[in-house]
Amino acid sequence: MAKLSKLQPNSIVGLGQILKSQEDQTNKLIQRQEDLKLVLHKSSKKEADCRILLKEYCEEKLKEDVQLLLLSTQSFYYYHVNIDAIRKMYQFQMCTPLKAVLDELKYDSLRELTIEEVCQFMGYDEPTIQIKDLQYLTIDQFTAIPYILIESPQSIKRQKQRQKEQKQLQSGVEIIILIHDMFESFYEYYEIVQQCLNEQENKKMILFNTPGQAYTLFKKDHQYTNIYVAQIIDQILFQLTEQDQINLQSDTLKFIGIGSGGFHTQAFVTQAQTLPYIQNITLINSFSSIYQQLHQFFDQSLKIFTSQPPSSLDLAFEYTNTIMNTKHLTEGNLAHLLNLNPISLQGRVCIINGLLQSPSFSDRFTKLIITVQVYHSLKNCLINISESEYLQTFTQDEGLDVNNVAISKKISSTRRTINYIEGGHQILYENRDSLIQIISQI
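Residues numbered from 1 in each chain as written. Predicted model: local features only at pLDDT ≥ 70, side-chain atom pairs only at ≥ 80, totals over all residues. Heavy atoms only, no water.

Enquirer: Please explain the packing of aromatic side chains as it appears in this structure.
Expert: What describes a pair of aromatic rings is the distance from one ring centre to the other and the angle between the planes of the rings. Following the criterion strictly, the structure yields 10 aromatic pairs and no others. Taken together, a centroid distance of 6.3 Å and an interplanar angle of 10 degrees make the contact between phenylalanine 297 and tyrosine 319 stacked. Of the two residues, phenylalanine 297 sits in helix 9 (residues 292–307) while tyrosine 319 sits in helix 10 (residues 313–324), which places them 22 residues apart along the sequence. With respect to burial, phenylalanine 297 and tyrosine 319 carry one shared label: buried. (Phe/Tyr/Trp six-rings, centres within 6.5 Å; stacked < 30°, edge-to-face > 60°. Helix = DSSP H or I, 4+ residues; strand = E, 2+ residues; numbered from the N terminus. Buried < 20%, exposed > 50% of the residue type's maximum accessible area, 1.4 Å probe, protein only.)

Next comes the structure, spelled out in structure tokens:
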């Protein structure tokens, strides 16, 4: 007992030191986690060190099954040189152009979606056109969209040369992003785009459907605004960059926005900070805001779409065709449309709700020093002609240094034009020849 009593104090002291050491480690871990955001927000040239800290933190949280946000330092959409500004995104969302650490931890084992799986899950009829290089972009746990990069023969040769040389080319290709109207599908444009690119050199085109449109996964009560669509564009550019399909250090961007697609285009280009690689913008029957007349059309459409049974897809097409177009929709044309574009009534409602909640970037868009070509159909009963006139207006920013030679030269070389074409709102079916000509000339 004497020997034990002599040892006991030392044992107690040793145990106390162990407990204190464990407590200190726990406190340090808690403090480290609490300070993580502050550490990441500090302007630091040692970005790698910050990412190591973030990765360790995320690994610990994943073990605890904690839902985390992805953190990214840069993107084509939000541009940040250092790590002091952080972009937050929901779990399962891609980031650009640096991979978030959760992307490194979880996306390696994530299986890609197929269009057959999406059709089965959402109840779409499978497409009659088979597109070989179709990909799906998983945006969050509720949303995924199909997209495709179509290349002209010459750009395919250039891509092979790039891979062979394993270095960046000094001169790049033109990347045209076509964003179609709200109730359309890129399947409807696929044949035209292929035809145009076969006659072009050094061009690629990106086509994609937005949430709610055909062949997409979406959450019915989520508001997919123009800002959300702008982030989708950002993520597609990142994914194609990661696959070495595009290279924005040498390639240039051009946009074609049709209808609501032009509205989404404005949201992207006014917020993208790396404008030098955006060469010009083409807007067809587009609008700058959800003005009263357009708001009334959306309100009326919501009443009609929500009052119809889910299977009455043909009635929705006939209704929108009556408002948008001048040509009667025959049974043969309707069957063709349903094959290419099986958009659901729920999808139409989701799209409209997103547009109604979308902010306008019109003031900022008019101040962009960038070439804009505006086209407006003379028999367009949906979009007011004043919208096209507004979009082609350039307003010089009062904060610009007009004495700066580079800025002055850029302003003088920038052009905004408006052209009037025949037909109704939906140029794809009202004036196909003009659409082909516009795409070919870009």
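Moving on from the model shown.
Enquirer: Would you explain the sheet that holds strand 10 (residues 416–421) in this entry?
Expert: Strand pairing in a sheet is mediated by backbone hydrogen bonds. Such pairs are either parallel or antiparallel. Taken in spatial order, the eight strands make up an open sheet running 3-4-6-5-7-8-9-10, and their pairing is mixed. Both edges of this open sheet fall to strand 3 (135–138) and strand 10, since each of them pairs with a single strand only. The mean angle between the axes of side-by-side strands here comes to 20 degrees, regardless of whether they run parallel or antiparallel. As defined by bridge partners, strand 3 adjoins strand 4 (residues 144–151) across four bridges and the pair is classed as antiparallel. For threonine 138, the partnering residue across the bridge sits in strand 4 and is alanine 144. Along the sheet face, helix 17 (residues 432–441) touches strand 5 (174–179), strand 6 (203–208), strand 7 (252–258), strand 8 (278–284), strand 9 (371–377) and strand 10 and points at about 175 degrees away from the line of strand 8. (Pairing = 2+ DSSP bridges. Axes fitted to C-alpha atoms, helices over the stretch in contact; angles between N-to-C directions. Contact = heavy atoms within 4.5 Å.)

Enquirer: Would you explain the environment of tyrosine 228 in this entry?
Expert: Turning to its location among the elements, tyrosine 228 is positioned in helix 7 (residues 226–242). On the basis of relative accessibility, which here comes to 11%, the residue tyrosine 228 falls in the buried class. For the pair tyrosine 228 and phenylalanine 268, spaced 40 residues apart in sequence, the C-alpha to C-alpha distance is 9.5 Å. With residues up to four places along the chain from it excluded, the contact list for tyrosine 228 reads Ile139, Asp140, Thr143, Pro211 and His222.

Enquirer: What is the right way to read the side chain of asparagine 321 from this model?
Expert: Its location among the elements puts asparagine 321 in helix 10. Not counting residues up to four positions away in its chain, the partners in contact with asparagine 321 are Lys327, His328 and Leu329.

Enquirer: Please explain the packing of helix 10 against helix 11 (residues 331–340) as it appears in this structure.
Expert: A pair of packed helices is characterised by two quantities: the angle between their axes and the separation of those axes. Packing of helix 10 against helix 11 brings their axes to within 11 Å, and their N-to-C directions diverge by 115 degrees. Between helix 10 and helix 11, the angle is such that the two are roughly perpendicular. Judged by the sense of rotation from one axis to the other, the crossing of helix 10 with helix 11 is right-handed. For the pair helix 10 and helix 11, the contacting residues are Leu313, Asp314, Phe317 and Glu318 in the first and Leu334, Leu337 and Leu338 in the second. A class-by-class count of the residues in the contact of helix 10 with helix 11 yields five nonpolar, no polar and two charged. (Parallel < 35°, antiparallel > 145°, perpendicular 65-115°, else oblique. Left-handed = near helix turned anticlockwise from the far one by under 90°. Nonpolar A, V, L, I, M, F, W, Y, C, P; charged D, E, K, R; others polar.)

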